[in-house]
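Structural overview
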Amino acid sequence: MPMLEVQELEAGYGPIQALNAVSLEVREGELIAIIGANGAGKTSLLMAISGIISARRGQVLFCGRSITGLKPHAIVRLGIGHSPEGRRIFPRLTVRENLELGGFTQRDAWQLKRDIAEVCELFPVLGTRMNQLGGTLSGGEQQMLAVARALVGRPTLLLLDEPSLGLAPLVVAKLFSVIAGLTARGIAVVLVEQNARAALKLAARGYVLEAGRITLSGSGQELASDNRVREAYLGEG
Amino acid sequence: MSVQFFLQQCLIGLTNGALIALVALGYTMVYGIIGLINFAHGDLIMLGACLALSLVAALGLAAAGPATTWLGIGLLIVLCGLFCGTLNVAVDRFVYKPLRNAPKLAPLVSAIGVSFIFMNVGLFWIGSADRSFPELLPSINLLPGNSLQFNWKDLLVVLVVAPLMVGLSLLVRVTRLGKAMRAVSQDPTAAALVGIDVDQVIAATFFIGGFLGGAASVIYGLYINTIGFQMGFQNGLYAFTAAVLGGIGSIPGAVFGGLVIGLVRALASAYVGERWTGAIVFAILIVILVFRPEGLLGRRTSEKV
């Protein structure tokens, strides 16, 4: 049984239909990539899985159970973490408070401390910035904080929206090496990326989203060598 | 115009200001969390004062001994606090919440509507004439000598407002709920994505703001000694002004703004004349906002995004 199953999902904003009969699945501990152009519906797809925008049709199953129509906080509590597009850290809270909020569902204070310490091992720079306000971090540090915040909640499935956007290549490499290591910790990942090359290299499987529809899917290698993908998303051909 | 007279006016101003601050908190908290100027807040407090008046009569507090009186006042504060808190949550649930994703003007106009509904309920409850609120505390000067007057009811304001404010700032700074409130006020979507029940946090904020307003309504009755169905409008306006002056959305700002407005009102009324107080208060507000649009303690809006 797949861990996450999206079935014929349709969602949108007012008259705009952002997702059209989207179906995909994620198996336990698997990293999948979703690539597509700006406005293809990648962010909407993650937002619909998290319950921020509601499904008009179709459903989302998590561990065999329908989570369609649940409120976002309830979905997070089931183990789906989400690091949203644009980082959206809390700018006027300290790094520590941001991380503590990431573990909002953890009521055991000692366990929360351990979880935060564990994430700081993944992103050592955050450990040196604990008392700084989130809004004063550099772009790369803010992105690390956004991913770290989602990880503190100990998700079994992590949705990552454009983690590389606007970051220096060196920072991207660092971030991607952490993301690649997540599956070894048993965390399944849905990685939404404009940086298709890097994403497909990491991903076991990938989906191509175009104008709200899945138009192509396959293993990371298959997609990376597909002519249409190479032309449209990898800038080759 | 002696120094004593000046100090006396300051004392009056600060006591009044503490009361204004308590009301201003209700405006600033709701604004901070959902960006709504809750124009019904003043009238919510008027309804609290109506309940306080009814309870004083029902409990026979006017004829009670000192110990019973203090106990009764405590009970009034708790009951009116619960009443206003619950009513505030109910209004949010049925009026503002359905409009959460509507343009900002829709809930604002609805708040004005709720304000009128409350005023009519108050009119029905206590009638159109001003009602005198019984003097429950003896007017004995607590300060030595005759130069400065500070009575039991002045002390009551301090005794109620100070702990409520300390409690509120602790709640916001250290508790789980407070942290969730700060998160929701900065980014509700991100807050939901870390597992915070945003609706619950908003409801809690309305409750706390309403509770403080309920406490303020009791003190208002005991301190000013006159209540009427239209009291919500003017008092609400001063408190809202205090919140804006301090920096709307900022809790210390609301307290500071309340104290400043109280002081300015008292001094203007003593040295210039009662009828000029409104004009002076708002002239100062306008001048300050021209030079510091974010309010005295508000934050500037520039931020790395």
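Described in the following lines is the structure provided in the data block. (Residues numbered from 1 in each chain as written. Chains lettered and ligands numbered in written order. Predicted model: local features only at pLDDT ≥ 70, side-chain atom pairs only at ≥ 80, totals over all residues. Heavy atoms only, no water.)

**Digging into the overall build of chain A**
Inclusion rule: The way it works is that DSSP assigns letters per residue, a run of H or I at least four long becomes a helix, a run of E at least two long becomes a strand, and they are numbered from the N terminus. All radius of gyration figures rest on C-alpha atoms, and the globule criterion is 2.2 Å times the number of residues raised to 0.38. Here's how the labels work: a residue is buried when its accessible area is under 20% of the maximum for its type, exposed when over 50%, partly exposed in between, all with a 1.4 Å probe on protein chains only. The contact definition used throughout considers only heavy atoms, calling two residues in contact when any of these lie within 4.5 Å.
From N to C terminus, chain A includes 10 helices and 10 strands. For 237 residues, the compact-globule formula gives about 18 Å, and the C-alpha radius of gyration of chain A, at 17 Å, lands near that figure. Summarising its shape, the C-alpha atoms of chain A cover approximately 45 × 40 × 35 Å along the three principal directions. Residues classed as buried in chain A amount to 54% of the 237 residues present. In chain A, the share of contacts with a sequence separation of at least 24, taken over all contacts with a separation of at least 6, comes to 67%.

**Looking at the pairing of strand 6 (residues 80–83) of chain A**
Residue and element names in this part refer to chain A. Selection criterion: Two strands are counted as paired when DSSP detects at least two bridges linking them.
Every second residue of strand 6 is oriented toward a common face, with Ile80 and His82 on one face and Gly81 and Ser83 on the other, all of them buried. Strand direction decides the pairing type here: strand 6 and strand 7 (residues 157–161), joined by 4 bridges, are parallel. Bridged to Ser83 within strand 7 is Leu160.

**Description of the sheet that holds strand 4 (residues 55–62) of chain A**
Taking strand neighbours across the sheet as the criterion, the 4 strands line up as 2-1-4-5 (chain A) in an open arrangement whose pairing is antiparallel. Two strands lie at the open edges of the sheet, namely strand 2 (16–26) and strand 5 (65–66) of chain A, each paired on one side alone.

**Thoughts on the nonpolar core**
If you look at soluble globular proteins, the nonpolar side chains tend to sit buried side by side. How we decide: Buried Ala, Val, Leu, Ile, Met, Phe, Trp, Tyr and Cys residues that are joined via side-chain atoms within 4.5 Å together make up what is termed a nonpolar core.
Leu25 and Ile196 of chain B are the most contacted members of the largest nonpolar core, which has 93 residues in total. Apart from the residues within four sequence positions on either side, Leu25 of chain B is in contact with Met165, Leu168, Leu212, Ile251, Ala254 and Val255 of chain B. Core analysis: the second largest hydrophobic core is formed by 46 residues, Ile116, Leu122, Ala196 and Leu200 of chain A among them.

**Comments concerning the sheet that holds strand 9 (residues 205–210) of chain A**
The pairing of strands in a sheet comes from backbone hydrogen bonds and takes either a parallel or an antiparallel form. All names here are of chain A. This is how it is decided: In this description, a line fitted to the C-alpha atoms serves as the axis of each element, helices being fitted only across the stretch in contact, and the angle between N-to-C directions of two axes falls anywhere from 0 to 180 degrees.
Reading across the sheet, the 6 strands line up as 6-7-8-3-9-10 and stay open at both edges, with mixed pairing between neighbours. Whereas interior strands pair on both sides, the edge strands pair on one side only; in this sheet they are strand 6 and strand 10 (213–219). Direction aside, the axes of adjacent strands within the sheet are offset by 15° on average. Docked against the sheet, helix 1 (residues 42–49) engages strand 3 (31–35), strand 6, strand 7, strand 8 (188–193) and strand 9, running at close to 150° with respect to strand 7. Strands in contact with helix 7 (residues 169–182) are strand 3, strand 7 and strand 8; relative to strand 8, the strand with the most contacts, it is inclined by about 145°.

**Remarks on a nonpolar patch on the surface**
Applicable threshold: Grouping into patches uses exposed residues only, defined as over 30% relative accessible area, and leaves out salt-bridged ones; the cut-off is 9 Å for like charges and 5 Å for nonpolar side chains (Val, Leu, Ile, Met, Phe, Trp, Tyr). Per-residue and other accessible areas were derived by the Shrake-Rupley procedure at a 1.4 Å probe size, with only the shown protein chains allowed to occlude residues. The term salt bridge refers to a side-chain nitrogen of Lys or Arg lying within 4 Å of a carboxyl oxygen of Asp or Glu.
A cluster of nonpolar side chains, Val3, Phe5, Phe6, Leu7, Tyr271, Val272 and Trp276 of chain B, forms an exposed patch at the surface whose accessible area comes to about 660 Å². Summarising the element assignment, Val272 of chain B is placed in the loop between helix 10 (251–271) and helix 11 (277–291).

**With respect to the layout of surface pockets**
Residue and element names in this part refer to chain B. Applied cut-off: Here the term cavity refers to a set of points on a 1 Å grid, laid over the protein atoms alone, in which a 1.4 Å probe fits but cannot get out; the term pocket refers to an open set having protein on both sides within 12 Å along at least five of seven lines, with lining residues being those that place an atom within 4 Å of a point. Grid points are joined across faces, edges and corners, and a volume is the space filled by probe spheres set on the points. Amino acid classes used here: Ala, Val, Leu, Ile, Met, Phe, Trp, Tyr, Cys and Pro are nonpolar; Asp, Glu, Lys and Arg are charged; the rest, including Gly, are polar.
Taken as a whole, the second largest pocket holds about 530 Å³ of empty space. Contributing to the lining of the second largest pocket are 25 residues, with Asn16, Tyr220, Ile224, Asn235 and Arg265 lying nearest its centre. Breaking the lining of the second largest pocket down by element, the ones donating at least two residues are helix 1 (3–34), helix 2 (41–59), helix 8 (198–224), helix 9 (231–246) and helix 10. Among the elements that make up the lining of the second largest pocket, the one with the highest residue count is helix 9 (7 residues). Of the residues assigned to the lining of the second largest pocket, the class counts are 13 nonpolar, 10 polar and 2 charged.

These figures come from the coordinates and say nothing about function on their own.
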